Amino acid sequence: LKTEKAMVFFFKSCDKRFIYYMGRDKHENELLIKYGWQKDVWFHVDDLSSAHVYLRLPKGVTIDDVPENVLEECAQLVKANSIQGNKLKNVKIVYTMWENLHKRKSMEIGQIGTPRSRNVRTP
């Protein structure tokens, strides 16, 4: 039996200090959920299936310091990689620190929750 390893995408930002990681499907999203870092920021299309995009914050940068153009790039990536969302003119994008995500055993592969909704933001 041959198994294939999933590999997530990574992109360099318009601001060279930042790197993005993106899951192409639910299995890659699951890897990102499992191996995210505390300094990662998670992006997703709200209430629709979409890619998970993780923004790796460089040393000394907080979520409040992320430039608007970097937030916009992350938002465009999740929208473009949402089967439903990429067909809509406007979608709501949410983002939060990786540490605010919660995975329960009852959740499907690639599914994640944000129990601390007060920490979820929109660009």
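Scroll up a little and you will see the structure.
Values in this document were obtained by computation on a predicted structure and should not be read as measured data. (Residues numbered from 1 in each chain as written. Predicted model: local features only at pLDDT ≥ 70, side-chain atom pairs only at ≥ 80, totals over all residues. Heavy atoms only, no water.)

Could you give an account of the overall build of the chain, naming the residues involved and the relevant values?
Regarding its fold elements, the chain presents 2 helices and 5 strands. Reading the chain from its N terminus to its C terminus gives the helix and strand order β-β-α-β-β-α-β. Counting every atom, the chain has about 8100 Å² of accessible surface; 51% of that belongs to carbon and sulfur. (Helix = DSSP H or I, 4+ residues; strand = E, 2+ residues; numbered from the N terminus. Areas by Shrake-Rupley, 256 points an atom, 1.4 Å probe, with all protein chains shown as cover.)

I'd love a proper account of the sheet that holds strand β2 (residues 19-22), names of residues and values included.
Taken together, 5 strands build an open sheet; the order of strands is β1-β2-β4-β3-β5 and the sheet is antiparallel. Because the sheet does not close on itself, it has two edges, and the strands there are β1 (9-12) and β5 (93-97). With direction set aside, neighbouring strand axes in the sheet form an average angle of 25°. Against the sheet, helix α1 (residues 26-35) engages β1, β2 and β4 (53-56), with an angle of about 130° to β2. (Pairing = 2+ DSSP bridges. Axes fitted to C-alpha atoms, helices over the stretch in contact; angles between N-to-C directions. Contact = heavy atoms within 4.5 Å.)

Quick rundown of the nonpolar core? Include the residues and the values.
Membership of the largest hydrophobic core comes to 22 residues, with the highest contact counts inside it found for Val41, Phe43, Val53, Leu55 and Leu57. Of all elements in the fold, only β2, β3 (40-45), β4, α2 (68-80) and β5 reach the threshold of two or more residues within this core. With 6 residues, the single largest contributor to this core is α2. If we ignore the near neighbours within four places in the chain, the residues touching Leu57 are Phe18, Lys39, Val41, Thr62, Ile63, Val66 and Met97. (Core = buried A, V, L, I, M, F, W, Y, C linked by side-chain atoms within 4.5 Å. Buried < 20%, exposed > 50% of the residue type's maximum accessible area, 1.4 Å probe, protein only.)

Give me the state of the cysteines: which residues, what numbers.
Applying the stated criterion across every chain, the model contains 0 disulfides. The thiol sulfur of Cys14 is not disulfide-bonded, and the nearest other cysteine sulfur, from Cys74, lies at 9.0 Å. (Disulfide = S-S within 2.5 Å.)

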